[in-house]
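Given next are the chains, with one letter for each unit.
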Amino acid sequence: MGTISSALNMMSQTLDADQSALNIVANNVANANTPGYTKETPTWQENDPILIKGTLVGDGATQTGAESQRDRVLLERLDQQQQLASASGSRLTALDSIQALFTPDSGSTSSTAGDIGSDITGFFKSFSSLEADPTDSSLRTSVLSSASTLANDVSSAAKSLNEQRSGLDQDAIGVVSQVNALTGAIAQLNTQIQSISPNADAGTLEDQRQLDLSQLSQLIGINQVSTENNGLSITTTSGQLLVSNGSNYQITSGSVSGVTHFFVGSADATAQLASGGGSLGGDLTARDTDIPNTLASLDQLAYSITTKTNAQNNAGTDANGATGAAVTSSTTGAWTLDIFSPPPTLVANTSSGGTDVSGCAAAMSAVMTDPDLVTAASLGQGTGDNSNAIAMASLASQTIVNGQTPTNFYSNFVSTLGSTVSNVQTENTAQTASVTQLQTQSNALSSVNLNDEAAALTTMERSYQAASQMFAILNTVMASVLNLGEQATVT
Amino acid sequence: MRVDPTYLSSLTTSLDQTQSSLQQLTSELSSGVRVTSLSTDPVASGQNVLLLNQMQQDDSFTQSSSLVKGQLQVADSALGSVVSQLTQVITLATSANNGTMNSSNVKSISSQIAGILGEITTLANTSYQGQYIFAGGQTSTAPFSTSTATSPAVTTYSGDENINYLQMPNGGKIQLNVPGDQIFQGSGSNSVFAALNSLVADYASGAVNTTQAVADTNAVSTALNYVSQQRVTIDNSITHLTSATDAVASEQTQLTAAQTTLMQADYASVSTQLTLAETQQTALESVIAQLGSTSNSLFSKI
């Protein structure tokens, strides 16, 4: 059987244990709003019982430390979903600014500047008007002004797209430098965790590593691989190593034909990073897929309208009766009666029979300044003839742009762009919802719930009080024993 | 069961969402536009481009048609005057041909007819907004000129055979002019100017070769009929233009209705949604106020 002094000993141990548990609760409360902090719960262990004269006697309990409440599988799942959500999020931001360039013209009256669809109609419409009176100089002037409106709107849209593209380029470089900083931090934490706590959860260090991982997941798509001694390796989703235990590998950037590419080691990982996720993935997808697609459509539109209308205008007779339009520059492919400046790829395409349209939208501009040079009359006809104006106007209903009429082409283009934006929106909403759900699950397990802490505090306090009371009683008992019947020698 | 202790922050996220939908609804109400960006309704955005294109083409046709209508009406009234002038010539010639007139009267008839010929030449050289309307494509110079060097005098046409058309939005064409030589210098006995010039020459001396004069008078009536026939082409174009303009106007009304339905906000449903969103916002705010109050914490009870 145990002795009174061993009971006293047990109580002092209990007071220690309770105090240490209270300390953990206090730490939880203090860190209730610390980002990345994981709730810790005290762990208790029953001390080994002692066998005295064939009877097992209890030996109290000790508080063996704090245990962080985390679920690694859930956290990794959350990180992965976060990578998808931030990829679609940053792509959506980029797409939103792309589609802002093509805001639908809702007015039912004639065009407001900025809607290319109305500009196209307005341009061909000006030739329809010219049919009514082919010699009228105000109608001719309106042909030129609608041509320059169209050219300005197309080229300024293309220029904005190029600016957005280089903006995304800068964004991506910024993101990559953050990624490098975070992988460096994770590598350091790996070293610390492996030396301090190779076999168990590393508590606050682990909290920091998880926080870094979740930040990293917003930036780039990664895979996590746990290694020996609580270490962690990180690769991009396509397998390039970023962190291996204590060392990290920087992502470097370099310009490849005017576009920033990203390298892990010596390998160009730009395409893999674009599809990998994170805001870097979203930025690169917008930069390398969405903007080029949009630009390609605009280029095609600009190239076709420019070459077809120039050719048709050069095939007629102008208001001065001049015909026989001829090449004025073999380097640009310009003719005397060009309405628009010839596309930059025209000469190369003509000699090679190619269909390169790149850069044509940005370069689109109306060069004709003299309204008399608009050719309303056919070749060899008097200036009162309007058949070339009819031919110009009817280009609007011919399939001159990639097998479609200009208006249909533009209509399909805005529908396609709108659908892409709308799809990414839906995708992003779903992914964000799923992130929220996972976050809620993870919070339910790992966040500090102040009510829980209040309850734990009360419990520990009571336990502490009980131990103190027990100690006092044992003390009284001990006093009685010491006095052995003598009155009031020891109290 | 454990719950997410950070429910307040998820509530504020909901509040943000409600607020942004409020904003979207308010902007729909104030602008009256439902589709403010392509992604709101990609199909409608695409349709909108096509509808606007059609509407603007109709718009342009309506404007052009009022312009060409003026020109056609000028041509029509010029031809109307030509017809009445020619009728007068026939009356004069018939009176000269009946053999009762003395030579000075015949001479005066000759000069009257010459005067009418001058007027008809002026009518044939009618211009509209500075453009000669019976000159084919050569609208910058007067198409008809008369040379009196020979007898009978010769009127020549310097225009061409060009015919202009106005294209309708549905692809059809309306003829805008008839070349002057087709009206005034038809082949054979259909030529107004040839017949008139011969008549002037017939009566110029005062002595009438009746056989020749009668033949020339008949030629004038044939030419008169011919001019009337050509006038029908112009009249047809006017009728055609009027009905096309009406058709285009009614099409435009329908297109506008379609475009409005497609792009404009439905006020009733937007206001209902707005009310719902407002209610939700108020509810969320009071939930946050209740839950966020510190007196709910267990700490305030111990």
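Scanning chain A from terminus to terminus reveals eleven helices and 15 strands. Projected onto the principal axes, the alpha-carbon positions of chain A cover approximately 145 × 50 × 30 Å. Looking at chain A residue by residue over its 491 residues, the buried ones come to 44%. When contacts within chain A are restricted to residue pairs at least 6 apart in sequence, long-range pairs at least 24 apart make up 70% of them.

Take the overall build of chain B next. What chain B contains, in helices and strands, is seven helices and six strands. Seen along its three principal axes, the alpha-carbon backbone of chain B occupies a region of about 140 × 30 × 25 Å. Looking at chain B as a whole, 37% of its 302 residues are labelled buried. Restricting to contacts in chain B with at least 6 residues of sequence separation, those with at least 24 account for 72%.

Attention now goes to the interface of chain B and chain A. Of the residues lining the interface, 52 residues belong to chain B; the matching set on chain A comes to 55 residues. No other element matches helix H2 (residues 42-97) of chain B, which puts 19 residues into the side of chain B that touches chain A. Counted by class, the side of chain B that touches chain A contains 21 nonpolar, 27 polar and four charged residues.

Residues and elements named next belong to chain A. Pairing within the open sheet is antiparallel, and its three strands lie in the order E9-E10-E11. Edge positions in the sheet fall to strand E9 (251-256) and strand E11 (267-268), since each of these pairs with one other strand and no more. Bridge count between strand E10 (residues 259-264) and E11: two bridges; the pairing is antiparallel. Paired with phenylalanine 263 across the strands is aspartate 268, a residue of E11. Each of E9 and E10 touches helix H4 (residues 137-196); the most contacted strand, E9, lies at about 160° to it.

Time to look at the domain arrangement of chain A. All names here are of chain A. Along its sequence, chain A is organised into domain 1 (4-69 + 448-483) and domain 2 (70-416). Taking only C-alpha atoms, the centre of domain 1 and the centre of domain 2 are 66 Å apart. Between domain 1 and domain 2, the residue contacts involve eight residues of the former and eight residues of the latter. Of the residues assigned to the side of domain 1 that touches domain 2, the class counts are three nonpolar, four polar and one charged.

Let us look at the sheet that holds strand E6 (residues 231-236) of chain A. All names here are of chain A. Here four strands make up an open sheet; going across it, the order is E5-E6-E7-E8 and the pairing antiparallel. Every interior strand has two partners, whereas the edge strands, strand E5 (222-227) and strand E8 (247-248), have only one. Its contacts with the sheet place H4 against E6, strand E7 (241-244) and E8, and it is angled at close to 160° to E6.

On to the pairing of E10 of chain A. Residues and elements named next belong to chain A. Bridge count between E9 and E10: six bridges; the pairing is antiparallel. Across the sheet, the residue bridging to valine 256 is valine 259, located in E10. Taken together, E9 and the strand that follows it, E10, pair antiparallel across an intervening segment of two residues, in which serine 257 is found at a positive phi of about 40°. Joining the antiparallel neighbours E10 and E11 is a turn of two residues, in which glycine 265 adopts a positive phi near 65°.

Attention now moves to the environment of methionine 11 of chain A. Residue and element names in this part refer to chain A. Inspection of the secondary structure assignment puts methionine 11 in helix H1 (residues 4-30). Placed 460 residues apart in sequence, methionine 11 and phenylalanine 471 show a C-alpha to C-alpha distance of 6.1 Å. Setting aside residues up to four positions removed in sequence, methionine 11 forms contacts with Ala467, Met470, Phe471 and Leu474.

The next thing to look at is the confidence of the model for chain A. Any region with low pLDDT has predicted coordinates that should not be read closely. Residues and elements named next belong to chain A. For chain A, the mean per-residue pLDDT works out to 89, and 96% of the residues sit at or above 70. Per-element confidence in chain A ranges from a low mean pLDDT of 81 for strand E13 (residues 327-329) to a high of 94 for helix H2 (residues 72-99). In this model residues 108-113 is a low-confidence stretch, pLDDT under 50, and it forms 14 contacts with partners more than four residues away in sequence or in other chains.

With that settled, consider the nonpolar core. Core analysis: the largest hydrophobic core is formed by 88 residues, its most contacted members being Val154, Ala302 and Ala361 of chain A. By residue number, the principal contributor to this core is H4 of chain A, which donates 19 residues. Discounting residues that sit within four places of it in the chain, alanine 361 of chain A has contacts with Val154, Ser155, Ala158, Leu295, Leu298, Asp299 and Ala302 of chain A. By size, the runner-up hydrophobic cluster in this structure holds 50 residues, among which are Phe144, Leu166, Ala213 and Leu241 of chain B.

Thresholds, definitions, all that
- Residues numbered from 1 in each chain as written.
- Chains lettered and ligands numbered in written order.
- Predicted model: local features only at pLDDT ≥ 70, side-chain atom pairs only at ≥ 80, totals over all residues.
- Helix = DSSP H or I, 4+ residues; strand = E, 2+ residues; numbered from the N terminus.
- Buried ≥ 20, exposed ≤ 12 C-beta atoms within 10 Å, placed from the backbone.
- Contact = placed C-beta atoms within 7 Å.
- Nonpolar A, V, L, I, M, F, W, Y, C, P; charged D, E, K, R; others polar.
- Pairing = 2+ DSSP bridges.
- Axes fitted to C-alpha atoms, helices over the stretch in contact; angles between N-to-C directions.
- Domains from an automatic or database assignment.
- pLDDT = per-residue confidence, 0-100.
- Core = buried A, V, L, I, M, F, W, Y, C linked by C-beta atoms within 7 Å.

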